[in-house]
Amino acid sequence: MKFSSIISQINESKFILVTGHIMPDGDDISSVTSLAVGLERLGKTVVGSIDYPVPWYYRNFYGVEKLKTYEQAKDLDPDLIIVVDCSTPDRVGRFQNLLNDRKTIVIDHHATNTLFGGLNWVDSSSASTAQMVYILNKTLGVPYDADLATVNYLGIATDTGFFKYSNTDSHVFKIAAELVEFGAKPHFVSSTILENKSPEQMKLYCRMVDHMIVDGQLVYSWLSYDDYRANNCSDDDSTGFVSELRSIKNVEVAILFIEYPEGQVHVSMRSKNWVDVSKIASSLGGGGHARAAGCSFRDAKLHEVLDEVIGLVRDFLQGGNR
Ligand code: 5GP
Ligand code: MN
Ligand code: MN
C-alpha cells in the first residue's frame, strides 16, 4: 500500500529535505514547516526550504524562520526529498534538478498532480495538504504542542478560505478541532493573515477595483507592475484580492491579472459554483483546483495576456463547460 511505503521510506531515511512550491501560499508554508518540524522531532536531520521568498505575514509562525533559502540548501545531499502541495515539477523551482537522482515522495491534494515523485500520495478530496501532513505526522508518532499545532492549522485555514470554501467538509473541522485541542490558536492565525494589512495594500486594492470589469458572470481586473511600485507593494500584498472579485453577486468566474515583477504575468482564477477553472489554467500551462487555479507567463505583456485569457474564458462560459 502506498501510504505504508511512504511511512517505511521516511522511517528508513536519516537526512530529509522538505520542499514546496514557488509563490508559496499558506498551505505550502504550513505543510513544509509542519512536516520539517515533525520529522525533526522524530530525531531526523531535516531541512525545510522553498525556492521563493516567504511573504512577510507568514514569518510570525513557529518554524518558518528556520526555512532555508534555495542558495542555503542547494548543495545538501539528503537521502530523501519530500515535496508538498506541488502539482508539477516546474512548481518546485530549482529544486526540481535534485529530484531525478534520489528518493522522492510527493504529498499533494491537486487533481492536476502529474505524480512526479517516486512515491506519490495525492488526495484531491483533501481540502489542504496541511491536513495530509497532520495525518502523516500523527501516523509517524510526532508529538504535537501548541506551536506545531498552530502552524499546521494555518494551511487548513488558508486553503479553505477560513472554513468557507466548498472544500470545507467534516474532515477539515475534525482535524482543525484536534489541532485546537493540541493548543492551535485560531484567532492568532486569522488575525495574522486577515487583520494585518498595510495601508499601502488597501491603496493597491483600490487600484484593482478601479480597473475592474464586470461582464455577465465574469469579473476581471488587473494590477500592473507600476501599480505595485506606485504603492510600494509586491505581489505578496495582493493575496486574497481575487476572492473579493468572486464575492460579487451573480459572478461565476473571477480573474485577476498580476504583472509582478515587470514582464511576468500571473493569472489568478476563481469560480463560484460550476466552472472548473483548473481546466482553463491547465490549458494555459498552469493548474490548480476546480474553484481556484492559476498560470504564469514570462516575457509577457499584461494586456496581451489579458485579452487572450479573457477570450478563452468567454468561450468556456458560453460553451457551458464544467
Ligand atoms: P493563486 O491564484 O492563489 O495563485 O493559485 C490558486 C491555485 O492554483 C493554487 O492551488 C495553486 O497551487 C494553483 N496555481 C497557481 N498558479 C499556478 C501555476 O502557474 N501552475 C500550476 N500548476 N498551478 C498553479
Ligand atoms: Mn499551495
Ligand atoms: Mn494547497
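As the structure is a prediction and not an experimental result, all values here were calculated from the model.

As a further point, take the coordination of the manganese ion (ligand 2). Around the manganese ion (ligand 2), the protein contributes the donor atoms His21 (NE2), Asp25 (OD), Asp25 (OD) and Asp85 (OD), which lie 2.1 to 2.6 Å from the metal centre. Mapped onto the sequence, the residues coordinating the manganese ion (ligand 2) show the spacing H-x3-D-x59-D. The two metals, the manganese ion (ligand 2) and the manganese ion (ligand 3), are separated by 3.7 Å and share Asp85 as a common coordinating residue. Here Asp85 lies in the loop between strand S3 (80–84) and helix H4 (96–99) and His21 lies in the loop between strand S1 (15–19) and helix H2 (26–41), a separation of 64 residues in the sequence. A single burial state applies to His21 and to Asp85, both of which are buried.

The subject of this paragraph is the packing of aromatic side chains. Applying the stated criterion to the full structure yields twelve aromatic pairs. Between the aromatic rings of Tyr134 and Tyr144, the centroid separation amounts to 5.4 Å while the plane-to-plane angle is 75°, which identifies the pairing as edge-to-face. With a gap of ten residues between them, Tyr134 in helix H5 (residues 129–140) and Tyr144 in the loop between H5 and helix H6 (146–159) connect regions that are remote in the sequence. For the pair Tyr134 and Tyr144, a shared accessibility class is recorded, and that class is buried. Within the aromatic cluster, the residues linked to one another by ring pairs are Trp56, Tyr57 and Tyr58. Above the plane of the ring of Tyr165 lies Arg246, whose end atom (NZ or CZ) is 4.9 Å from the centre.

As a further point, take the UniProt feature "domain: DHHA1" (unreviewed entry) in the protein chain. In this structure's numbering, the residues bearing the UniProt feature "domain: DHHA1" (unreviewed entry) are residues 217–313. Taken end to end, residues 217–313 is 32% helix and 29% strand, and its first and last C-alpha atoms sit 11 Å apart.

Taking 1.5 Å per residue, 13 residues should reach 18 Å; helix H9 (residues 199–211) reaches 19 Å between its end C-alpha atoms and fits that length. Taken residue by residue, H9 has Gln201, Leu204, Met208 and His211 as its buried positions. For H9, the angular spread of the buried residues around the axis is 75°, confining them to a single face. In this structure, H9 carries Pro199, Lys203 and Asp210 as exposed residues pointing more than 90 degrees from its buried face. Residues of H9 that are buried sit in contact with strand S6 (213–215), strand S7 (218–223), helix H10 (225–230), helix H11 (241–246) and strand S8 (253–259).

The next thing to look at is the domain arrangement of the protein chain. Domains assigned within the protein chain are domain 1 (2–194) and domain 2 (200–318). A straight line from the C-alpha centre of domain 1 to that of domain 2 covers 26 Å. Domain 1 puts eleven residues into the contact, and the matching count from domain 2 is 15 residues. Taking both partners together, domain 1 and domain 2 bury about 940 Å²; carbon and sulfur atoms supply 46% of that area. On the domain 1 side of the interface with domain 2, the three residues burying the most area are Met23, Tyr57 and Thr112, jointly 37% of the side's total. Linking domain 1 with domain 2 are zero salt bridges, by the criterion used here. Linking domain 1 to domain 2 there are six residue pairs in polar contact (both at pLDDT 80 or more). Split into classes, the residues belonging to the side of domain 1 that touches domain 2 amount to seven nonpolar, four polar and no charged.

A word on the coordination of the manganese ion (ligand 3). Each protein donor to the manganese ion (ligand 3) is listed here as Asp27 (OD), Asp85 (OD), His109 (NE2) and Asp159 (OD); together their distances run 2.1 to 2.3 Å. Mapping the donors of the manganese ion (ligand 3) onto the primary sequence gives the spacing D-x57-D-x23-H-x49-D.

Cut-off values and rules
Residues numbered from 1 in each chain as written. Chains lettered and ligands numbered in written order. Predicted model: local features only at pLDDT ≥ 70, side-chain atom pairs only at ≥ 80, totals over all residues. Heavy atoms only, no water. Donors = N, O, S within 2.8 Å, 3.2 Å for Na, K, Ca; no water. Helix = DSSP H or I, 4+ residues; strand = E, 2+ residues; numbered from the N terminus. Buried < 20%, exposed > 50% of the residue type's maximum accessible area, 1.4 Å probe, protein only. Phe/Tyr/Trp six-rings, centres within 6.5 Å; stacked < 30°, edge-to-face > 60°. Lys NZ or Arg CZ within 6 Å of the ring centre and 35° of its normal. UniProt positions renumbered as here; feature names shortened; annotations may be inferred. Expected span 1.5 Å × (residues − 1). Arc of directions from axis to C-beta. Contact = heavy atoms within 4.5 Å. Domains from an automatic or database assignment. Buried area = accessible area lost by both parts, 1.4 Å probe. Salt bridge = Lys/Arg side-chain N within 4 Å of Asp/Glu carboxyl O. Polar contact = N/O pair within 3.5 Å; in protein donor to acceptor, adjacent residues only side chain to side chain. Nonpolar A, V, L, I, M, F, W, Y, C, P; charged D, E, K, R; others polar.

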